[in-house]
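Given next are the chains, with one letter for each unit.
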Amino acid sequence: MIFIDVEERKRISVDILDAVDAFCRENDINYSLGYGSMLGAVRHGGFIPWDDDIDIIMLRADFMKFEELFPTVLSDRFSFGTFARDVNWPLPFGKVYDNRTTVFENKANVPHIGVSIDVFPLDIVPDNDLLFSIRRLIMKSLCFFLKMKIYKDSTASSLTKRIIAFFIKCFLCFVPNKWIIKIINEMSKLFSSCDGDRVYYWPSAGYPRPIPLKWFSPLIRVLFENKYYSSINNQDGYLRAMYGSDYMVPPLEKDRISHHTNNAFWNDIQ
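The rules behind these values
Residues numbered from 1 in each chain as written. Predicted model: local features only at pLDDT ≥ 70, side-chain atom pairs only at ≥ 80, totals over all residues. Heavy atoms only, no water. Core = buried A, V, L, I, M, F, W, Y, C linked by side-chain atoms within 4.5 Å. Buried < 20%, exposed > 50% of the residue type's maximum accessible area, 1.4 Å probe, protein only. Contact = heavy atoms within 4.5 Å. Patch = residues over 30% accessible without salt bridge, like charges linked within 9 Å, V, L, I, M, F, W, Y side chains within 5 Å. Areas by Shrake-Rupley, 256 points an atom, 1.4 Å probe, with all protein chains shown as cover. Salt bridge = Lys/Arg side-chain N within 4 Å of Asp/Glu carboxyl O. Helix = DSSP H or I, 4+ residues; strand = E, 2+ residues; numbered from the N terminus. Axes fitted to C-alpha atoms, helices over the stretch in contact; angles between N-to-C directions. Parallel < 35°, antiparallel > 145°, perpendicular 65-115°, else oblique. Nonpolar A, V, L, I, M, F, W, Y, C, P; charged D, E, K, R; others polar. Polar contact = N/O pair within 3.5 Å; in protein donor to acceptor, adjacent residues only side chain to side chain. Left-handed = near helix turned anticlockwise from the far one by under 90°. Pairing = 2+ DSSP bridges. Lys, Arg positive; Asp, Glu negative; His and termini not counted.

Participant: Any chance you could break down the nonpolar core for me, citing the residues and the numbers?
Facilitator: Formed by 73 residues in total, the largest nonpolar core has its most connected members in Ile56, Phe66, Val96 and Tyr238. Other than its neighbours up to four places away in sequence, Phe66 contacts Val20, Phe23, Cys24, Ile29, Met58, Phe80, Arg85 and Val96.

Now the structure itself:
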């Protein structure tokens, strides 16, 4: 297997995004760049220089349509993994990945898939902030349990975190990961069966603020790595909700590091 460096990994990720963008436009599926990819597009015109991943967001209805229509293999190269497609899928969101590559996770017990982009489904949430906060606390607890089960022990973690993880792993040792994923997915859908004007990714570990549903209609295009992709229509509002009002100010030099703990390889010589 041939190691894939950061720059080549970025190129593969953009190829995946190109394929997703074309597929969504052909099938009338709405998506937007999200999280760090939206921040990178607005602040840097592409990737955040010290990062190499791509995130997109979709409303739940579009996510389910994408899940239904995306072929087993697109263009003899790309696949889409979700829990609905594979009961052993270990994550509450989807990934479109390049089958010619393999990524080995160093800290997580998850299947080895290729270089990928993340696809997050957003659900409608209650307009009542108290009800939203209660439901978010429930979802955060479930996702914390899942994270403790998936991630390996690390000497880099504090002693307190390792002790907590040990007891949670013991407590949940007979509970399959797929049961927790199923509960997270079903509760996300249940909680979103309300009349609200805001949307949110329920399993989110951070980002406490939901965003207005109206930002998804109409969508616009945004420049990312010299190409245009789909975007919600209020980028400033979104980035303020995700990262605060000073999102255009890069972090200190010492904090400009990637948080990924995996390595990517070509399956065969390309």
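Participant: How would you summarise a nonpolar patch on the surface if you had to cite specific residues and measurements?
Facilitator: Side chains of Leu159, Ile163, Phe166 and Phe167 sit close together on the surface and give an oily, nonpolar patch of about 440 Å² of accessible area. Tracing the backbone shows Phe166 in helix α5 (residues 159-171). A residue is classified by how much of its surface remains accessible, and Phe166, at 48% relative accessible area, is partly exposed.

Participant: Quick one: what's the story with the packing of helix α4 (residues 129-150) against α5, residue by residue and with numbers?
Facilitator: A pair of packed helices is characterised by two quantities: the angle between their axes and the separation of those axes. Packing of α4 against α5 brings their axes to within 9 Å, and their N-to-C directions diverge by 95°. Classified by the interaxial angle, the pair formed by α4 and α5 is roughly perpendicular. Two secondary-structure elements touch here, α4 through Phe144, Phe145, Met148 and Lys149 and α5 through Ile164, Ala165, Ile168 and Lys169. Taken together, the residues of the contact of α4 with α5 break down into six nonpolar, no polar and two charged.

Participant: Tell me about unusual backbone geometry, and please be specific about residues and values.
Facilitator: The peptide bond linking Ser217 to Pro218 adopts the cis configuration, its omega dihedral lying at 0°. Along the chain, the position of Pro218 falls in the loop between β9 (211-212) and β10 (220-224). For Asp28, which is not glycine, the phi torsion reads 55° and is therefore positive. Here Asp28 shows up in the loop between α1 (6-26) and β2 (32-33).

Participant: An account of the environment of Trp266 is needed here, citing residue identities and associated values.
Facilitator: For Trp266, the location among the structural elements is in strand β12 (residues 262-266). Trp266 gets classed as buried once you look at its relative accessible area, which sits at 8%. Placed 263 residues apart in sequence, Trp266 and Phe3 show a C-alpha to C-alpha distance of 6.5 Å. When neighbours within four sequence positions are excluded, Trp266 is seen to be in contact with Met1, Ile2, Ile4, Glu8, Ile12, Arg100 and Thr101. Only 3.1 Å separates the side chain of Trp266 from the side chain of Glu8, close enough to count as a polar contact.

Participant: Lay out the pattern of salt bridges in plain terms, naming residues and giving numbers.
Facilitator: A complete count under the given rule lists 14 salt bridges for this structure. A single salt-bridge network, built from bridges that share partners, covers Asp15, Arg77, Asp98 and Arg100.

Participant: Quick one: what's the story with the packing of α4 against helix α6 (residues 177-191), residue by residue and with numbers?
Facilitator: Running from N to C, α4 and α6 point in directions that differ by 160°, and their axes come no closer than 10 Å. Relative to α6, the element α4 lies roughly antiparallel. As α4 runs across α6, the sense of the crossing is left-handed. From α4, Arg135, Ile138, Met139, Leu142, Cys143, Leu146, Lys149 and Ile150 reach across to α6, where they touch Asn177, Ile180, Ile181, Ile183, Ile184, Met187, Ser188 and Phe191. Across the contact of α4 with α6, the residue classes tally to twelve nonpolar, two polar and two charged.

Participant: Before we move on, can you summarise the pairing of strand β3 (residues 55-59) with the specific residues and values?
Facilitator: β3 sits mainly inside the fold: five of its five residues count as buried. Every second residue of β3 is oriented toward a common face, with Asp55, Ile57 and Leu59 on one face and Ile56 and Met58 on the other, all of them buried. Pairing of β2 with β3 involves two bridges; the strand directions are antiparallel. When the bridges of β3 are listed, Ser32 appears paired with Ile57.

Participant: Summarise the side chain of Asp51; cite the residues concerned and give the values.
Facilitator: Among the secondary structure elements, Asp51 is positioned in the loop between α2 (35-44) and β3. Buried within the structure, Asp51 lacks any salt-bridge partner; Lys10 is the closest side chain of opposite charge, at an N-O distance of 8.0 Å. Not counting chain neighbours up to four residues away, the residues in contact with Asp51 comprise Lys10, Ser258 and His260.

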